[in-house]
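The residues making up each chain are set out below.
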Amino acid sequence: MAWLQQSDYFDPDSLDMPVIGIAAEMGQHDSGFHQHDMGQLLFTQRGCIKITLANQISVLPPTRVAWIPPRIRHRAEMHGSVGYRSIYLNSSYLAFSVSTQSEVLEATPLLQALLERIATSSLDSNWYQGKGANLLALFFDEIREARREPTLLPLPFDRRLAHLSFDQLPSPLHILATYIGASEKTITRIFQRETGMNYQQWRQQWRLVKAIELLAQNKTLSYVAQELGFANDSAFVTFFRKIMGRPPREYMAGSKR
């Protein structure tokens, strides 16, 4: 493992190792867009990380882990105090990896413990036999069984929609149409083509991902409901439970398996 300072530069591709774990205590930090030849599992012990891919955004609270395949451009942003962790895997382990696509997975207590153990292991650990190989075998079993999360928000790339931000609740469709000078039907077609969902579905997905970010910052249900335009706490909880299958606080506490 490499314990890093927030300002340290680190290039996993410069090390000829099959598995690399790094850890850092982060305040406000922006990695900028970058990519590497190794696959990456990214997670946090506390706080949250916002991940931006070429055309997707997601937020990771401590109970979730992101898989970023090799050579995928991405950016990680952190605010406040974050216990940053990352595991890099070289090509010899990609057959065991999650997917050729970026994914967000639920991290059970066992998977969280395995992630922490591997991320904080010595850089010269033997991953091919003995304890290291056994640890990885269990780790990959847990990764394969982990629940995939519907928390990647696809981003439209039409220039007329460039002003849409993750920081501000997107306007209702009729207001957006007036603002950008395109009909509601045109906007709907753009979103269906570029995100795979209509605008209302996309706006609901935006609310879900933003809710996770705010909850990870320990905001109250009332605060989150107001920020996301819900009539009251109950309406927000009902919305969240319908999509994620459990109420917000239970979701943030993570799986009990």
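Residues numbered from 1 in each chain as written. Predicted model: local features only at pLDDT ≥ 70, side-chain atom pairs only at ≥ 80, totals over all residues. Heavy atoms only, no water.

Novice: For this particular structure, what's the right way to read helix 3 (residues 173-180)?
Specialist: Side chains three or four residues apart in an α-helix point the same way, a direct result of the helix having 3.6 residues per turn. Within helix 3, the full set of buried residues consists of Leu176, Ala177 and Ile180. Looking straight down helix 3, one finds its buried side chains confined to an arc of 105°; they lie on one side. Among the exposed residues of helix 3, those oriented more than 90 degrees off its buried face are Thr178 and Tyr179. Looking at the buried side of helix 3, the elements it contacts are helix 4 (184-195) and helix 5 (199-216). (Buried < 20%, exposed > 50% of the residue type's maximum accessible area, 1.4 Å probe, protein only. Helix = DSSP H or I, 4+ residues; strand = E, 2+ residues; numbered from the N terminus. Arc of directions from axis to C-beta. Contact = heavy atoms within 4.5 Å.)

Novice: What is the right way to look at the packing of helix 3 against helix 4 in this model?
Specialist: Between two packed helices, both the angle of their axes relative to each other and the distance between the axes serve to describe the pair. One way to put it is that helix 3 packs onto helix 4 with a least axis distance of 9 Å and a crossing angle of 100°. One element, helix 3, and the other, helix 4, form an angle in the roughly perpendicular class. Where helix 3 approaches helix 4, its residues Leu173, His174, Leu176, Ala177 and Ile180 are matched on the opposing element by Glu184, Ile187 and Thr188. The residue inventory of the contact of helix 3 with helix 4, partitioned by class, reads five nonpolar, two polar and one charged. (Axes fitted to C-alpha atoms, helices over the stretch in contact; angles between N-to-C directions. Parallel < 35°, antiparallel > 145°, perpendicular 65-115°, else oblique. Nonpolar A, V, L, I, M, F, W, Y, C, P; charged D, E, K, R; others polar.)

Novice: For this particular structure, what's the right way to read the pairing of strand 9 (residues 82-89)?
Specialist: For strand 9, the tally of buried residues reaches eight of eight residues, placing the bulk of the element in the interior. Across the two faces of strand 9 the burial is the same, with Val82, Tyr84, Ser86 and Tyr88 and Gly83, Arg85, Ile87 and Leu89 all buried. Note that strand 2 (residues 19-26) and strand 9 share eight bridges and pair antiparallel. What sits directly across from Ile22, in strand 9, is Ser86. Alignment of strand 4 (residues 39-44) against strand 9, held across six bridges, turns out to be antiparallel. Paired with Gly39 across the strands is Leu89, a residue of strand 9. (Pairing = 2+ DSSP bridges.)

Novice: Looking at this structure, how should I read the environment of Gln40?
Specialist: Looking at the element boundaries, Gln40 is found in strand 4. In this structure, the C-alpha to C-alpha distance between Gln40 and Ser121, residues 81 residues apart in sequence, is 16 Å. Sequence-distant contacts of Gln40, that is, excluding residues within four places in its chain, are made with Ala66, Trp67, Ile68, His74, Tyr84, Ser86, Ile87 and Tyr88. In terms of polar contacts, Gln40 uses its side chain to reach the side chain of Ser86, at 2.7 Å. (Polar contact = N/O pair within 3.5 Å; in protein donor to acceptor, adjacent residues only side chain to side chain.)

Novice: Would you mind going over the packing of aromatic side chains with me for this structure?
Specialist: The description of an aromatic ring pair rests on the distance of the ring centres and on the angle between the ring planes. Taken as a whole, this structure holds ten aromatic pairs when the rule is applied. Aromatic side chains Phe10 and Tyr88 sit 6.0 Å apart centroid to centroid with 40° between the ring planes, which places their arrangement in the tilted category. Residue Phe10 is located in the loop between strand 1 (2-4) and strand 2, and its partner Tyr88 is located in strand 9; the two are separated by 78 residues in the primary sequence. Seen in terms of ring centroids, Phe236 and Phe240 are 6.0 Å apart; in terms of plane orientation they differ by 65°. Their pairing is edge-to-face. With Phe236 and Phe240 both in helix 7 (residues 233-244), this residue pair falls four residues apart, about one helical turn. (Phe/Tyr/Trp six-rings, centres within 6.5 Å; stacked < 30°, edge-to-face > 60°.)

Novice: Help me understand the pairing of strand 4 in this model?
Specialist: Remark: a regular strand shows side chains that alternate across the two faces of the sheet. The element strand 4 is largely enclosed, with a buried count of six among its six residues. Of the two faces of strand 4, the one lined by Gly39, Leu41 and Phe43 and the one lined by Gln40, Leu42 and Thr44 are each fully buried. Two strands pair when backbone bridges link them, and strand 4 and strand 7 (residues 64-68) are joined in this way by three bridges, in the antiparallel orientation. Looking at strand 7, one finds that Gln40 is bridged to Ile68.

Novice: In this structure, what is going on with the sheet that holds strand 11 (residues 153-154)? I would like to understand it.
Specialist: Whether parallel or antiparallel, the strands of a sheet pair through hydrogen bonds between backbone atoms. An order of 3-8-5-6-11 is seen for the five strands of this open sheet, with the pairing classed as antiparallel. Two strands lie at the open edges of the sheet, namely strand 3 (29-30) and strand 11, each paired on one side alone. Pairing between strand 3 and strand 8 (residues 74-78): two bridges, direction antiparallel. Counterpart to Asp30 in the pairing with strand 8 is Glu77.

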